[in-house]
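Remarks on the overall topology
Chain residues, written in single-letter form:
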Amino acid sequence: QKEVEQNSGPLSVPEGAIASLNCTYSDRGSQSFFWYRQYSGKSPELIMFIYSNGDKEDGRFTAQLNKASQYVSLLIRDSQPSDSATYLCAVARGGGFKTIFGAGTRLFVKA
Amino acid sequence: EAQVTQNPRYLITVTGKKLTVTCSQNMNHEYMSWYRQDPGLGLRQIYYSMNVEVTDKGDVPEGYKVSRKEKRNFPLILESPSPNQTSLYFCASSLSRPTRSTNYGYTFGSGTRLTVV
């Protein structure tokens, strides 16, 4: 079992819809959780950070964390074609010194 | 401009020929890390450094070396590259390690695509 698991996709949604991306992790001691976006041929960029149970909203993005069930999700409202990218879930453990990435979910937003 | 600079962007080399990939950041970040990215496997941590002269292994350190003699630089050294080290490499830095409440996410370099033949 991988430490951080994501569905590889592709996830295809129409423009204007809500895209829902999910991630599960195995280490219950994990402290901080991140979502990165990676466009094809580019480096990852940080889009969301969450550390406590519940929801965190930033513009069109909402991150959700449920530590009891060990999952993190990312909702993208009013999806745009420019949101088409691979979304990487990352989990910090080991006192924060190690950050483990999932393999990523490819999102395709159809115009 | 705040950035992480990696060089070279592309490198083709032969098995056994020592090489160094450089990484430099201008943000006075304490924490730096190297990752490799392979299809289906995602980003895997090679080494990380908490500060000058302090480094530790990540999940896939075999065949790699690092050093942190200055805060801004964190080179990745392949003493004897092999074809299974063909990959896309990313250097990343953050102000410090992420803790329970601090958003110390990474800033990534542009990547180095390495091919070992």
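Throughout what follows, the structure given in this document is the object of discussion. (Residues numbered from 1 in each chain as written. Chains lettered and ligands numbered in written order. Predicted model: local features only at pLDDT ≥ 70, side-chain atom pairs only at ≥ 80, totals over all residues. Heavy atoms only, no water.)

Attention now moves to the sheet that holds strand S3 (residues 19-25) of chain A. Residue and element names in this part refer to chain A. Judged by pairing direction, the sheet is antiparallel, and its 5 strands sit side by side in the order S1-S3-S8-S7-S6 without closing on themselves. In this open sheet, the two strands that pair with only one neighbour each are strand S1 (4-6) and strand S6 (54-58). Direction aside, the axes of adjacent strands within the sheet are offset by 20° on average. Pairing geometry for S3 and strand S8 (residues 71-76), over 6 bridges, is antiparallel. (Pairing = 2+ DSSP bridges. Helix = DSSP H or I, 4+ residues; strand = E, 2+ residues; numbered from the N terminus. Axes fitted to C-alpha atoms, helices over the stretch in contact; angles between N-to-C directions.)

Within a regular strand, the side chains alternate between the two sheet faces. Residue and element names in this part refer to chain A. The two faces of strand S11 (residues 105-110) differ: Thr105, Leu107 and Val109 on one face are buried, but Arg106, Phe108 and Lys110 on the other face are not. As paired elements, strand S9 (residues 85-93) and S11 share 3 bridges and run antiparallel to each other. Each residue of the ladder has a partner; that of Tyr87, found in S11, is Thr105. (Buried < 20%, exposed > 50% of the residue type's maximum accessible area, 1.4 Å probe, protein only.)

Before going further, it helps to spend a moment on the side chain of A:Arg93. Mapped onto the elements of the fold, A:Arg93 is located in strand S9. A relative accessible area of 13% means that A:Arg93 is categorised as buried. Side-chain polar atoms of A:Arg93 contact the side chain of A:Glu3, separated by 2.7 Å. Each residue touching A:Arg93, except ones within four places of it in the same chain, is listed here: A:Glu3, A:Asp27, A:Ser30, A:Lys98, A:Ile100 and B:Asp59. (Polar contact = N/O pair within 3.5 Å; in protein donor to acceptor, adjacent residues only side chain to side chain. Contact = heavy atoms within 4.5 Å.)

A contiguous nonpolar patch, built from B:Ile12, B:Val14 and B:Val117 and spanning about 310 Å² of accessible area, is present on the exposed surface. Following the sequence through the fold, B:Val117 ends up in the segment after strand S11 (112-116). (Patch = residues over 30% accessible without salt bridge, like charges linked within 9 Å, V, L, I, M, F, W, Y side chains within 5 Å. Areas by Shrake-Rupley, 256 points an atom, 1.4 Å probe, with all protein chains shown as cover. Salt bridge = Lys/Arg side-chain N within 4 Å of Asp/Glu carboxyl O.)

Scanning the entire structure with this criterion turns up 8 salt bridges over all chains. Note that B:Glu79 is salt-bridged to B:Lys65, the shortest N-O span being 3.0 Å. Of this pair, B:Glu79 sits in the loop between strand S8 (76-78) and strand S9 (87-94) while B:Lys65 sits in strand S7 (residues 65-66), and the two are 14 residues apart along the sequence. Take B:Glu79: its relative accessible area is 36%, and that puts it in the partly exposed class. Exposure remark for B:Lys65: the relative accessible area of 40% places this residue in the partly exposed category. Through salt bridges with shared partners, one network takes in A:Glu3, A:Arg93 and B:Asp59.

Two modes of strand pairing occur in sheets, parallel and antiparallel, and in both the strands are linked by backbone hydrogen bonds. All names here are of chain B. If you trace the 4 strands from one edge of the open sheet to the other, you get S1-S3-S8-S7, paired in antiparallel fashion. A single partner strand is all that each edge strand has here, and the edge strands are strand S1 (4-7) and S7. Where strand S3 (residues 19-25) meets S8, 3 bridges bridge the pair, whose relative direction is antiparallel. Bridged to Leu19 within S8 is Leu78.

Right, let's talk about the packing of aromatic side chains for a bit. Residue and element names in this part refer to chain B. Applying the stated rule across the entire model yields 16 aromatic pairs over all chains. Each ring, one from Tyr31 and one from Tyr106, has its centre 6.0 Å from the other, and the planes form 25°; the classification is stacked. In this pair, Tyr31 sits in strand S4 (residues 31-38) while Tyr106 sits in the loop between S9 and strand S10 (107-108), placing the two residues 75 residues apart along the sequence. No difference in accessibility class separates Tyr31 from Tyr106, as the two residues are buried. (Phe/Tyr/Trp six-rings, centres within 6.5 Å; stacked < 30°, edge-to-face > 60°.)

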